[in-house]
Amino acid sequence: VIEQRRDAYVRANQQEQVSARHQLHAALHEAEQALAAGQLQEARAAADRTRALKAHAGVLPKPSVQRLSRVVQQLTDLEKWQKFGQQSARAQLCARAESLAQQTLAPTALAREVQQLRAEWKKLDEQHAGVPKPLWERFDGACERAYAPAARHFAEQAALHKQARKQREDALR
């Protein structure tokens, strides 16, 4: 009876390992496909699933270990390049915002440029969050300085409109 229970336990454990191996290989294939398509977030999610499944899969065959190692290495390299590209793109946005403060543009054109720079920054945030705070402060400060002449102009225009409206109302009374 004890031997039967032990055999049943061993068979159940082996079945769990086989199931985990199949799931691991499916996740590994998914990670490889995502990497080939350039989808880093999906590849990272699939690679994380393989890591979780690896503990339950038992000893993996050497080709599977090599595939897994290759996927993790490629993913790490691409994530480093993505981070570098993000930092470079953000530094360029900062430089563009700083140079915008030196230019003399019409207030509407200036406002449009600042709005476009901020939209590009937000687009980068959607792709990769976790920006160093000093870089964000540099960008935000440069945008504020660049937008200041346009803000003054719009405030003056609003004051003129308000004064004209008041004069119209007074003339109608």
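Our structure's up above, just so we're on the same page.
Residues numbered from 1 in each chain as written. Predicted model: local features only at pLDDT ≥ 70, side-chain atom pairs only at ≥ 80, totals over all residues. Heavy atoms only, no water.

Caption draft 1: The pattern of salt bridges, seen in detail. By the definition in use, this model includes 13 salt bridges. Ionic pairing is found between Arg-118 and Glu-144, a salt bridge with its closest N-O pair at 3.2 Å. Of this pair, Arg-118 sits in helix H4 (residues 107–127) while Glu-144 is found in helix H5 (residues 133–172), placing the two residues 26 residues apart along the sequence. Assessed through its relative accessible area of 22%, Arg-118 is described here as partly exposed. A cluster of three or more residues bridged by salt bridges with shared partners is formed by Arg-44, Asp-48, Arg-51 and Glu-79. (Salt bridge = Lys/Arg side-chain N within 4 Å of Asp/Glu carboxyl O. Helix = DSSP H or I, 4+ residues; strand = E, 2+ residues; numbered from the N terminus. Buried < 20%, exposed > 50% of the residue type's maximum accessible area, 1.4 Å probe, protein only.)

Caption draft 2: Fine view of the packing of helix H3 (residues 62–102) against H5. Running from N to C, H3 and H5 cross one another at 25°; their axes reach a closest spacing of 8 Å. With respect to each other, H3 and H5 are oriented roughly parallel. As H3 runs across H5, the sense of the crossing is left-handed. On H5, the residues that touch Gln-87, Arg-90, Ala-91, Leu-93, Cys-94, Ala-95, Ala-97, Glu-98, Leu-100 and Ala-101 of H3 are Leu-135, Arg-138, Phe-139, Ala-142, Cys-143, Arg-145 and Ala-146. Residue composition of the contact of H3 with H5, grouped by class: 12 nonpolar, one polar and four charged. (Axes fitted to C-alpha atoms, helices over the stretch in contact; angles between N-to-C directions. Parallel < 35°, antiparallel > 145°, perpendicular 65-115°, else oblique. Left-handed = near helix turned anticlockwise from the far one by under 90°. Contact = heavy atoms within 4.5 Å. Nonpolar A, V, L, I, M, F, W, Y, C, P; charged D, E, K, R; others polar.)

Caption draft 3: The arrangement of the packing of aromatic side chains in detail. Under the counting rule described, the total for this entry stands at four aromatic pairs. Each ring, one from Trp-121 and one from Trp-136, has its centre 5.6 Å from the other, and the planes form 50°; the classification is tilted. Of this pair, Trp-121 sits in helix H4 while Trp-136 sits in helix H5; the two residues are 15 residues apart in sequence, bridging distant segments of the chain. Residue classification places Trp-136 among the partly exposed residues on the basis of a relative accessible area of 35%. Seen in terms of ring centroids, Trp-136 and Phe-139 are 6.0 Å apart; in terms of plane orientation they differ by 40°. Their pairing is tilted. Separated by three residues within a single helix, Trp-136 and Phe-139 lie in helix H5, roughly one turn from each other. Put simply, the rings of Trp-121, Trp-136 and Phe-139 pair up and form one aromatic cluster. (Phe/Tyr/Trp six-rings, centres within 6.5 Å; stacked < 30°, edge-to-face > 60°.)

Caption draft 4: How the structure looks around the environment of Ala-171. As for its position among the elements, Ala-171 is in helix H5. For Ala-171, a relative accessible area of 66% translates into the label exposed. As a C-alpha pair, Ala-171 and Leu-68 span 103 residues in sequence and 81 Å in three-dimensional space.

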